[in-house]
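Now for the letters of each chain:
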There are 4 protein chains.
Amino acid sequence: MAAGKTDHALERLVFFSDAVFAIAITLLVIEIHAPHLPRRSPDMAHWHALAELTPSFLGYFISFAVIGAFWMAHHRVFALAGRYSPRILGWNMALLGVIAFMPFVTAYLASNMNARVPAVLYCVAMLVAALLSMKVNRVATSPPMVGEGATGEDIAYVRARSLSVVLGAATAVGFAFLIPEIAQAGLISIPLWRRILARVRPIAPAAD
Amino acid sequence: MAAGKTDHALERLVFFSDAVFAIAITLLVIEIHAPHLPRRSPDMAHWHALAELTPSFLGYFISFAVIGAFWMAHHRVFALAGRYSPRILGWNMALLGVIAFMPFVTAYLASNMNARVPAVLYCVAMLVAALLSMKVNRVATSPPMVGEGATGEDIAYVRARSLSVVLGAATAVGFAFLIPEIAQAGLISIPLWRRILARVRPIAPAAD
Amino acid sequence: MAAGKTDHALERLVFFSDAVFAIAITLLVIEIHAPHLPRRSPDMAHWHALAELTPSFLGYFISFAVIGAFWMAHHRVFALAGRYSPRILGWNMALLGVIAFMPFVTAYLASNMNARVPAVLYCVAMLVAALLSMKVNRVATSPPMVGEGATGEDIAYVRARSLSVVLGAATAVGFAFLIPEIAQAGLISIPLWRRILARVRPIAPAAD
Amino acid sequence: MAAGKTDHALERLVFFSDAVFAIAITLLVIEIHAPHLPRRSPDMAHWHALAELTPSFLGYFISFAVIGAFWMAHHRVFALAGRYSPRILGWNMALLGVIAFMPFVTAYLASNMNARVPAVLYCVAMLVAALLSMKVNRVATSPPMVGEGATGEDIAYVRARSLSVVLGAATAVGFAFLIPEIAQAGLISIPLWRRILARVRPIAPAAD
């Protein structure tokens, strides 16, 4: 296969992934059903109806941030890749399968707030996505895919980042079992994990 | 990171944004439920059923125009950007989050026409989108992102435009509180604001 | 604005349009609701349930073909355009607005087969799309947008094609008023109109 | 038409196809409805509710894999194509029409597990997709579309692959008639068929 062709294959893979991320992130909203009140309902009734949707709004924004973060990681990693390799195809597809599944776990959690099972399911889905994302990142930043422009520091940085997401998601799974009400708060441990990892194996912060 | 890479990162960001805009704009229609009438219903019954959907149709077309206008602004601004900077990522994602939320506020407004709360929510969502859009525009047309081809005039023009959208959306929020029935009419103040701004700080109209 | 930039603006416009066409065409299917039968229902009951969905299947395939045809026309015309012009933006957005509306008129027609109003609405939507498509085609194949590679013959060909679609859609509107049962059959008049137009103002068939 | 233009037409076709594949694959999830249980339901009730969704989950993952496999095949074949030809347009559109239809057959099968008709319909849809995919592959790897970089071996490889998918889908249709409970298991015959084909007409495995 000509060199130009393989670059095009990489572009197309990235494109397809972008589309799946974009659709999954935008589909989140159709799980929130607009309340329909009788005509001339007082404003108070509307505020109540919206207040009841709080878990759905929260779910929307958290999942938007989560999928957005996975997309940004994908974006960051593939900027370091220079060549296409079929080895990435299966792992990337598996990652997309979990991302496209997020609207379901989000809707399930939002309609059953504070319950343990939906919280665990949500966090496990995130953990699986984090593990697959780590694998995709590893393949994309290893030969033969890694580009010439990528420095060892860049690579160490994106890898440490994806490890911190795995640890944060695992923390969230733990929270979900013990205190399901605040399972997603486990995610805020991600920057914490990143800092700890930076202590253990110091790496200079990359441009991003 | 190599120069070629960062251009690619900009392209991918633009692409992802386009996809989210396109999906949000196309999802608007699935909130309109097709009426199902008994067989051999007279034509009049059908016209009635359609007439009852007027708020949904109106909502569809106004939101299509609103999201379309935000996309066109995004398009216009990124044509002036030449380089990628990670600084844009978070703001752009926040803007996309509000855009992807528009199908919900549209459906809510359409099923509760003339009520104050849905009108206020709709206009506030638009105002937030306008503010985020202004911030994205500012980052995209400042160093290090701004391209060599962009003239000071081009930049002043897109910035004045995004300010006029913020003022128009703020006017719509005001309308929504006072006369919710015509809240969205506040949007037609946008060209008015643009003209006023042009008086205050005259700028030559750019190619677009 | 630099020349390279304006080409990029054209690409992005085409891309955004592609995304809207692709989403509208794929959303058609979610208007068909999968039947759910009691366990151990005989095969016959399933065939019956599917038979009742015939109008939905028909609607799906016809609308898929219709949107697909509009996309192919868009594809064909923009292959002749070489430069971006902001003049196309509004018309193209209006065209996309009608295309994104097709899932609604399809679902309405499918749930009210043989009724006049849904048939008329469907065909009018198609006629409006055809008129907007003709306008978009005209702008894209006129200065300043038309590319150097486009010959007079290529341009005459795509324009005659879009005129034949307008006439075919107008025929379908006529059918819808008189014999709603076979409104969409009016579309098969498109190749007929193309042949008539070719007689009136003969043009050599282009590559496509 | 200039040479550069026709390459752009190929890119746009590939792009549009990618978008339809991506949307169809991501829409699969919205057919799974999130269970909503009364507050303070015990964990057991949640596990039960999820267990009842098993067919939907299974359907989601199998269809994700199936659409994903068709996309990967499309990806692989178009990497061998170098030039655009309008001859591919109709066949590719027909393939996309069947792919976009998969969410329906998936939902129908998932809500009527173990019934013969939905299993047959699912497998027939897959068989039609496989046949259309084979035709698209043949056109894309024949003159005038095939690129200079594509070797005879590459072409033989992708063609043998698409034939093995057709045979696997046909096997699945057979299974669906006889033992609908395990219809989709017929798909695992695909690698088997591939091996048999490799015996009959030996071809060296390509890079992918």
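This text goes with the structure placed above it.
Source: prediction; values computed, not measured.

Rules used in this analysis
Residues numbered from 1 in each chain as written. Chains lettered and ligands numbered in written order. Predicted model: local features only at pLDDT ≥ 70, side-chain atom pairs only at ≥ 80, totals over all residues. Helix = DSSP H or I, 4+ residues; strand = E, 2+ residues; numbered from the N terminus. Buried ≥ 20, exposed ≤ 12 C-beta atoms within 10 Å, placed from the backbone. Contact = placed C-beta atoms within 7 Å. Least-squares fit on C-alpha atoms with pLDDT ≥ 70 in both.

1. Structural notes on the overall build of chain A
Here is step 1: Along chain A, the regular secondary structure elements total 7 helices and 0 strands.
Here is step 2: The N-to-C order of helical and strand elements in chain A reads α-α-α-α-α-α-α.
Here is step 3: Along the first, second and third principal axes, the C-alpha set of chain A runs to 65 × 40 × 30 Å.
Here is step 4: Within chain A, the fraction of its 208 residues that count as buried is 52%.
Here is step 5: At a minimum sequence separation of 6, the contacts of chain A that also span at least 24 residues come to 81%.

2. What to know about the environment of Ala73 of chain A
Residue and element names in this part refer to chain A.
Here is step 1: Along the chain, the position of Ala73 falls in helix α3 (residues 54-78).
Here is step 2: For Ala73, a count of 19 C-beta atoms within 10 Å corresponds to the partly exposed category.
Here is step 3: Placed 53 residues apart in sequence, Ala73 and Val20 show a C-alpha to C-alpha distance of 15 Å.
Here is step 4: Those residues within four positions of Ala73 in sequence are excluded, and the remaining contacts are Ser133, Arg161 and Ser162.

3. With respect to the environment of Ala49 of chain C
Residue and element names in this part refer to chain C.
Here is step 1: In this structure, Ala49 sits in helix α2 (residues 43-52).
Here is step 2: Here Ala49 falls in the partly exposed class, since 18 other C-beta atoms lie within 10 Å of it.
Here is step 3: Put simply, Ala49 and Leu27 are 22 residues apart on the chain and 22 Å apart in space, counted from C-alpha to C-alpha.
Here is step 4: Not counting residues within four places of it along the chain, the set of residues in contact with Ala49 comprises Pro35 and Leu37.

4. A look at the relation of the copies chain C and chain D
Here is step 1: When chain C is brought onto chain D, the operation consists of a screw motion whose angular component is 90° and whose axial shift is 0.0 Å, with 0.0 Å RMSD remaining. The superposition operator between the copies reduces to a four-fold rotation axis.
Here is step 2: The overlap is low: 13% of the interface residues of chain C also sit at the interface in chain D, so different surfaces are used on the two sides.

5. Considerations on the relation of the copies chain B and chain A
Put simply, the two copies of the chain differ by a rotation about an axis and a shift along that axis.
Here is step 1: Rotating chain B by 90° and translating it 0.0 Å along the rotation axis places it on chain A, where the RMSD comes to 0.0 Å.
Here is step 2: Taken as a fraction of all interface residues of chain B, those also at the interface in chain A reach only 10%, which identifies the copy contact as different-surface.

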